[in-house]
There are 2 protein chains.
Amino acid sequence: MPQTPPNLITETIDAWPSLSAGERERAFRRLKRDGREALFLGLSSKEQAELLLTMPEHERFTYLRVLPPDDAADIIQEAHEPERGGLFALLDDKTQNEVSALLAYAEDDAGGLMSPRFARLRPDMTVDQSISYLRLQGRQMETIYYGYVLDSDQVLLGVVSLRGLFTAPGGATVADVMNSEIISVTDETDQEEVARQFAARGLSAIPVLDSDGKMKGIVTLDDIVDVVQEEATEDIQKIGGMEALDGPYLETGFWLMVRKRAGWLAALFLGEMLTATAMSRYEEEISRAVVLAVFIPLIISSGGNSGSQASTLIVRAMALSEVRPRDWWRVARREVVSGLMLGSVLAAIGFARILIWQAVAHTYGEHYLLIAATVAFSLVGVVMFGTLAGSMLPFVLRRAGLDPASASAPFVATLVDVTGLVIYFTVAHMILSGSLL
Amino acid sequence: MPQTPPNLITETIDAWPSLSAGERERAFRRLKRDGREALFLGLSSKEQAELLLTMPEHERFTYLRVLPPDDAADIIQEAHEPERGGLFALLDDKTQNEVSALLAYAEDDAGGLMSPRFARLRPDMTVDQSISYLRLQGRQMETIYYGYVLDSDQVLLGVVSLRGLFTAPGGATVADVMNSEIISVTDETDQEEVARQFAARGLSAIPVLDSDGKMKGIVTLDDIVDVVQEEATEDIQKIGGMEALDGPYLETGFWLMVRKRAGWLAALFLGEMLTATAMSRYEEEISRAVVLAVFIPLIISSGGNSGSQASTLIVRAMALSEVRPRDWWRVARREVVSGLMLGSVLAAIGFARILIWQAVAHTYGEHYLLIAATVAFSLVGVVMFGTLAGSMLPFVLRRAGLDPASASAPFVATLVDVTGLVIYFTVAHMILSGSLL
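Note that the structure is predicted; figures quoted are calculated from it, not measured. (Residues numbered from 1 in each chain as written. Chains lettered and ligands numbered in written order. Predicted model: local features only at pLDDT ≥ 70, side-chain atom pairs only at ≥ 80, totals over all residues. Heavy atoms only, no water.)

> Outline the overall build of chain A, listing residues and values.
A tally of regular secondary structure across chain A gives 21 helices and six strands. In terms of overall dimensions, chain A has C-alpha extents of about 95 × 55 × 35 Å along its principal axes. Considering chain A as a whole, with its 437 residues, one finds that 56% of them fall into the buried category. Taking all contacts inside chain A whose residues are at least 6 apart in sequence as the whole, residues at least 24 apart take part in 65%. Accessible surface, chain A: about 17,500 Å² in total, of which carbon and sulfur atoms supply 56%. Of the side-chain charges in chain A, 37 are positive and 56 negative, and the distance between the mean point of each set is 2 Å. (Helix = DSSP H or I, 4+ residues; strand = E, 2+ residues; numbered from the N terminus. Buried < 20%, exposed > 50% of the residue type's maximum accessible area, 1.4 Å probe, protein only. Contact = heavy atoms within 4.5 Å. Areas by Shrake-Rupley, 256 points an atom, 1.4 Å probe, with all protein chains shown as cover. Lys, Arg positive; Asp, Glu negative; His and termini not counted. Charge placed at Lys NZ, Arg CZ, Asp CG, Glu CD.)

> Report on a nonpolar patch on the surface, specifying residues and quantitative values.
Where nonpolar side chains cluster on the molecular surface, the patch consists of Ile356(A), Trp357(A) and Val360(A) and spans about 310 Å² of accessible area. Within the secondary structure, Trp357(A) is located in helix α19 (residues 328–361). (Patch = residues over 30% accessible without salt bridge, like charges linked within 9 Å, V, L, I, M, F, W, Y side chains within 5 Å. Salt bridge = Lys/Arg side-chain N within 4 Å of Asp/Glu carboxyl O.)

> How would you explain the side chain of Asp109(A) if you had to name every residue and give the values?
Within the secondary structure layout, Asp109(A) lies in the loop between α8 (93–103) and α9 (110–113). We note that Asp109(A) is buried and unpaired, the nearest opposite charge coming from Arg196(A) at a distance of 12 Å.

> Quick rundown of the confidence of the model for chain A? Include the residues and the values.
In this model, chain A carries an average pLDDT of 86, and 99% of its residues clear a pLDDT of 70 or more. Mean pLDDT values for the elements of chain A range from 76 in helix α1 (residues 6–15) of chain A up to 94 in helix α20 (residues 368–399) of chain A. (pLDDT = per-residue confidence, 0-100.)

> I'd like a description of a negative patch on the surface, backed by residues and values.
Residues and elements named next belong to chain A. Judged by side-chain charge, Glu-78, Glu-107, Asp-108, Asp-190, Asp-222, Asp-226 and Glu-230 come together as a negatively charged surface patch. No other element matches the three residues that helix α14 (residues 221–239) contributes to the negative patch. Counting through the fold element by element, Glu-107 comes out in the loop between α8 and α9. Looking at Glu-107, the relative accessible area reads 44%, which means it is partly exposed.

> Kindly report on the side chain of Ser406(A), identifying the contributing residues and their values.
Summarising the element assignment, Ser406(A) is placed in the loop between α20 and α21 (409–432). Contacts of Ser406(A), omitting those with residues within four sequence positions, involve Lys238(A), Trp264(A), Leu397(A) and Phe411(A).

> If you had to explain the pairing of strand β5 (residues 205–209) of chain A to someone new, which residues and values would you point to?
Residues and elements named next belong to chain A. Burial analysis of β5 places five of its five residues in the buried class, the great majority of the element. Burial along β5 is two-sided: Ala-205, Pro-207 and Leu-209 and Ile-206 and Val-208, pointing in opposite directions, are all buried. Both strand β4 (residues 185–186) and β5 contribute to a ladder of two bridges, which runs parallel. Along β5, the bridge assignment pairs Val-185 with Val-208. (Pairing = 2+ DSSP bridges.)

> Describe the packing of aromatic side chains, listing the residues and the values that go with them.
One pass over the full model with this rule turns up 20 aromatic pairs over all chains. Lying over the aromatic face of Trp357(A), Arg353(A) brings its terminal NZ or CZ to 3.9 Å of the ring centre. (Phe/Tyr/Trp six-rings, centres within 6.5 Å; stacked < 30°, edge-to-face > 60°. Lys NZ or Arg CZ within 6 Å of the ring centre and 35° of its normal.)

> Summarise the relation of the copies chain B and chain A; cite the residues concerned and give the values.
When chain B is brought onto chain A, the operation consists of a screw motion whose angular component is 180 degrees and whose axial shift is 0.1 Å, with 0.2 Å RMSD remaining. On this basis, the relationship between the two copies can be described by a two-fold rotation axis. Both copies contact each other with a shared surface, as 100% of the interface residues of chain B are interface residues in chain A too. (Least-squares fit on C-alpha atoms with pLDDT ≥ 70 in both.)

> Please provide a residue-by-residue account of the sheet that holds β5(A), values included.
Residue and element names in this part refer to chain A. Taken in spatial order, the three strands of this open sheet run β4-β5-β6, and their pairing is mixed. Pairing within the sheet leaves two strands with one partner each, and these edge strands are β4 and β6 (215–220). As paired strands, β5 and β6 are joined by five bridges and run antiparallel to one another. Bridge pairing links Ile-206 to Val-219 in β6. Running at roughly 140 degrees to β5, helix α13 (residues 191–201) makes contact with β4, β5 and β6 of the sheet. (Axes fitted to C-alpha atoms, helices over the stretch in contact; angles between N-to-C directions.)

> Explain empty space enclosed by the protein to me, using residue names and the numbers behind them.
Under the defined criterion, the tally for this structure stands at four cavities of 30 Å³ or more. For the largest cavity, the lining is made up of 19 residues, of which Gly304(A), Asn305(A), Ala413(A), Asn305(B) and Ala413(B) are closest to its centre. Elements represented by at least two residues in the lining of the largest cavity include exactly α18 (296–319) and α21 of chain A together with α18 (296–319) and α21 (409–432) of chain B. Here the lining of the largest cavity gets six residues from one element, more than from any other, and that element is α18(A). In terms of residue class, the lining of the largest cavity is made up of nine nonpolar, eight polar and two charged. The space that makes up the second largest cavity amounts to roughly 40 Å³. What lines the second largest cavity is simply Thr233(A), Gln237(A), Gly247(A), Tyr249(A), Leu313(B), Arg316(B), Ala317(B), Leu320(B) and Glu322(B). (1 Å grid on protein atoms, 1.4 Å probe; cavity = no way out; pocket = protein on both sides within 12 Å on 5 of 7 lines; lining within 4 Å. Points joined across faces, edges and corners; volume = space filled by probe spheres on them. Nonpolar A, V, L, I, M, F, W, Y, C, P; charged D, E, K, R; others polar.)

> Please provide a residue-by-residue account of the interface of chain B and chain A, values included.
In many analyses, interface size is given as the accessible surface area lost on bringing the parts together. The partner chain A presents 123 residues to the 123 residues of chain B that form the contact. Contact between chain B and chain A buries roughly 11,300 Å² in total, counting both sides, with carbon and sulfur atoms accounting for 65%. Our enumeration of links across chain B and chain A arrives at two salt bridges. Its salt-bridge partner being Glu335(B), residue Arg261(A) comes within 2.8 Å of it at the nearest N-O pair. Run the count over chain B and chain A and you get 23 residue pairs in polar contact (both at pLDDT 80 or more). (Buried area = accessible area lost by both parts, 1.4 Å probe. Polar contact = N/O pair within 3.5 Å; in protein donor to acceptor, adjacent residues only side chain to side chain.)

> Tell me about the nonpolar core, and please be specific about residues and values.
Soluble globular proteins tend to pack their nonpolar side chains together in the buried interior. If you look at the biggest cluster of nonpolar residues, it comprises 99 residues, and the most contacted ones within it are Phe295(A) and Phe295(B). Ranked by residue count, the leading element in this core is helix α15 (residues 254–281) of chain A, at eleven residues. Residues contacting Phe295(A), with those up to four places away along its chain left out, are Ile354(A), Tyr364(A), Ile371(A), Val375(A), Tyr424(A) and Ala276(B). Among the nonpolar cores identified, the runner-up in size contains 92 residues, and Phe28(A), Leu90(A), Met114(A) and Val219(A) belong to it. (Core = buried A, V, L, I, M, F, W, Y, C linked by side-chain atoms within 4.5 Å.)

> Could you give me a rundown of α14(A), with the residues and numbers involved?
Taking 1.5 Å as the rise per residue, α14(A) with 19 residues should run 27 Å; its terminal C-alpha atoms sit 27 Å apart, in good agreement. Note on α14(A): the residue one or two positions beyond its end, Gly241(A), has a positive phi of about 90 degrees. (Expected span 1.5 Å × (residues − 1).)

> Lay out the packing of helix α15 (residues 254–281) of chain B against α21(B) with the relevant residues and their values.
All names here are of chain B. Between α15 and α21, the shortest axis-to-axis distance is 9 Å and the interhelical angle comes to 0 degrees. Relative to α21, the element α15 lies roughly parallel. Between α15 and α21, the residues in contact are Trp-264, Leu-268, Gly-271, Glu-272, Leu-274, Thr-275, Ala-278 and Met-279 and Pro-410, Phe-411, Thr-414, Asp-417, Val-418, Leu-421 and Phe-425, respectively. Residues belonging to the contact of α15 with α21 are distributed by class as follows: ten nonpolar, three polar and two charged. (Parallel < 35°, antiparallel > 145°, perpendicular 65-115°, else oblique.)

> I'd like a description of the pattern of salt bridges, backed by residues and values.
Residues and elements named next belong to chain A. A complete count under the given rule lists 23 salt bridges over all chains for this structure. The partner of Glu-37 in a salt bridge is Arg-33, and the shortest N-O contact between them spans 3.5 Å. Highlighted residues: Glu-37 and Arg-33, both in helix α3 (residues 33–42), separated by four residues, approximately one helical turn. By relative accessible area, Arg-33 is classed as partly exposed at 41%. Notably, a salt bridge pairs Asp-210 with Lys-216, separated by 4.0 Å at the nearest N-O pair. Looking at Asp-210, the relative accessible area reads 14%, which means it is buried. Assessed through its relative accessible area of 33%, Lys-216 is described here as partly exposed. Connected via shared salt-bridge partners are Lys-94, Glu-98 and Arg-117.

> Which residues make up the layout of surface pockets, and what are the values?
Residues and elements named next belong to chain B. The calculated volume of the second largest pocket comes to roughly 260 Å³. Every element with two or more residues in the lining of the second largest pocket is listed here: α2 (21–30) and α4 (45–53). A class-by-class count of the residues in the lining of the second largest pocket yields six nonpolar, three polar and six charged.

> Any chance you could break down the pairing of β6(A) for me, citing the residues and the numbers?
Two faces, one strand: in a regular strand the side chains alternate between the faces of the sheet. Within β6(A), five of the six residues are buried, leaving the element largely enclosed by the surrounding structure. Counted between consecutive antiparallel strands, the loop separating β5(A) from β6(A) contains five residues, among which Gly213(A) sits at a positive phi close to 80 degrees.

> Can you lay out the packing of helix α6 (residues 69–78) of chain A against α8(A) for me, pointing to particular residues and giving the numbers?
All names here are of chain A. It is the contact of α6 with α8, at a shortest axis distance of 9 Å, that shows an interaxial angle of 60 degrees. When the axis of α6 is compared with that of α8, the two are oblique. The crossing of α6 and α8 is right-handed. Note on element contacts: α8 touches α6 through Thr-95, Glu-98, Val-99, Leu-102 and Leu-103, opposite Pro-69, Asp-70, Ala-72, Ala-73, Ile-76 and Gln-77. Classifying every residue of the contact of α6 with α8 by side-chain character gives seven nonpolar, two polar and two charged. (Left-handed = near helix turned anticlockwise from the far one by under 90°.)

Put into structure tokens, the structure is as follows:
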């Protein structure tokens, strides 16, 4: 069989996400048969689906059949409606049954991630029998490195690793050597929770049970790396103030992307309109002391920046279960003090800046000290409020049953801008009444 | 041996990150011996190090010895200087040698992740000999599911999976059945790149070679899940506008956290001061038409929001290699058009809002149409600029050898605020000269 140089395969897989459709086709044709198969197995389900659909029917067949049923199900899920039936028909009977069962599960649940091809053992088999069985059935299993011990009702009794079998006496029974402290998930467990179980326990496979305790399949660690990346991407896009794209940037259709961004942007814009309403109320103050307008962007952006730091920290800590809902009070106390510190740092810089400008260019007139004090006190207030609001918003969203990651930097900034204006003009009234105002 | 109920172990591991030191000690004591060991193995290196240091010397010994050398090295790395020597001394001689070798590598490189305990095979062994060898040596290996075929100089010739050995004829030689298309990394490969290799290839272990091609160890998939989480957390915190914390939120010392946030916040504040300088230049315009001040927060925040969407998208796409440096021109064209669309949406909303307010409350006087046009055209300009600047900043940072994730939402907003003011007042001059200005 002709061999493709391994580094050519490597380079092609690496470059794949950034290639256009035409470039992909050429890159694929450049590989020998073995390289094409390696490339195909290295792609994401979405890329696999796209690549399959560029092939003639007889070629699709070859590639689709190298996949285990969970990966085949993912491809069929990624394909558009008119193509699905055609792809499904290419599978052999056994795989068709398995794939239909898998397609019934939501894509983001353990049921949608699992493979039904795991190694089934009976409790009364001997260790040597089990090893021979795994050796015989190995080719068809998702992993042969774990055997799952089931009773006649398919209820999971215990798990034994191939490593455990290897190091046990050959005549012992599976029941003797299996581990009956089972860590499992149900077919409806969310994939984020499944990923957390893998990370916390250092597992390499986890059994999936239905509500009666019957074993349905296994999720393996290699599926989880993708889940972790995918969930982090979703959170990052939400933190950036938009809906999650659900696909690579360059592959997402232009209009879909604009729609996903326009929704949040328009919502934020509507919220931000409150600043115009607030500003209208202060028009008189501004016309009396135009110098006040000069510091508006500086002050409200400081609130937004400190708020987005705080919300990002808490959103991520929640996603990793480092912070739980009941920690809100602990976080609030901590963030109020942080806000006071951070606000004081900015206040000191702002105060110094006004004194220096005044000394150099006499920009701010006779009341420059009062102006500097107004800016400094406002900064402390705005940053404290921003920090507190940014850190509490994820808790509020979670309490309301929404995704804490929606507490995006822009969302927090918008929330804080209006309050920032109110704080600023209130402080100005207190300090400048009788002089500038 | 007394057994701990499995769900108690599960609950304890889940709750661990949010427990205080005292609560942890009590939770640990509540478990039976087997549960304590399971808990210990389920914790992160940092948590393991902290837990170990609360134990008396003779107990530390027991727990430290259950760990493979790469995990023991991680714990010693996490412990503070005065404790390191004591922990190291508890290891047996063989592990001490391995740990010293591992400690020489940077924590973030493949060398710092790898285990030196992999299964070594010779090319002339038979399949049956190899299986017996793996069966004998299994206990001491990080994984027995891959055998690495080395020549007498420790140069890697090929890889064979236990599954491959199982399904091959017993009398064949390892050289016959091994796969000589090796995917490997060097001991200095960055952990982010190692994670990318795992994700792209669906690997479960990868060999680590030194610069002479000699095999030094293996990195296994379970180490990679942690790396992926860690790298995503770092990126998310940078996107939120701060330095990465390098640890769970509630466990990071208060002053360290404030320092990591204050640095960026002060830098952004200094940048944002340019808005005060810009505003000073427009004081005369504002005093002539105070109504212009009313829309300042609305307009600059729209630029910031659209910019942070764009930068977040590109930062994440770069981290996943979906977008490469050479794609900058493609991204720029796409983002200019997106910006035009998004800006037009906001302009339409803003225009309508001013007309409605005018109809209801006569807020904006006789020139309300000109004011509405000023706001609308400024929004298109500001959003286009924000989108373009936000999407190009990650490319610029990467070109300069910096981390693209530093293109945080607050950084982009600051960058865009000054330009937003200039765009707004320039448009105002063009439209309002002769009427309001």
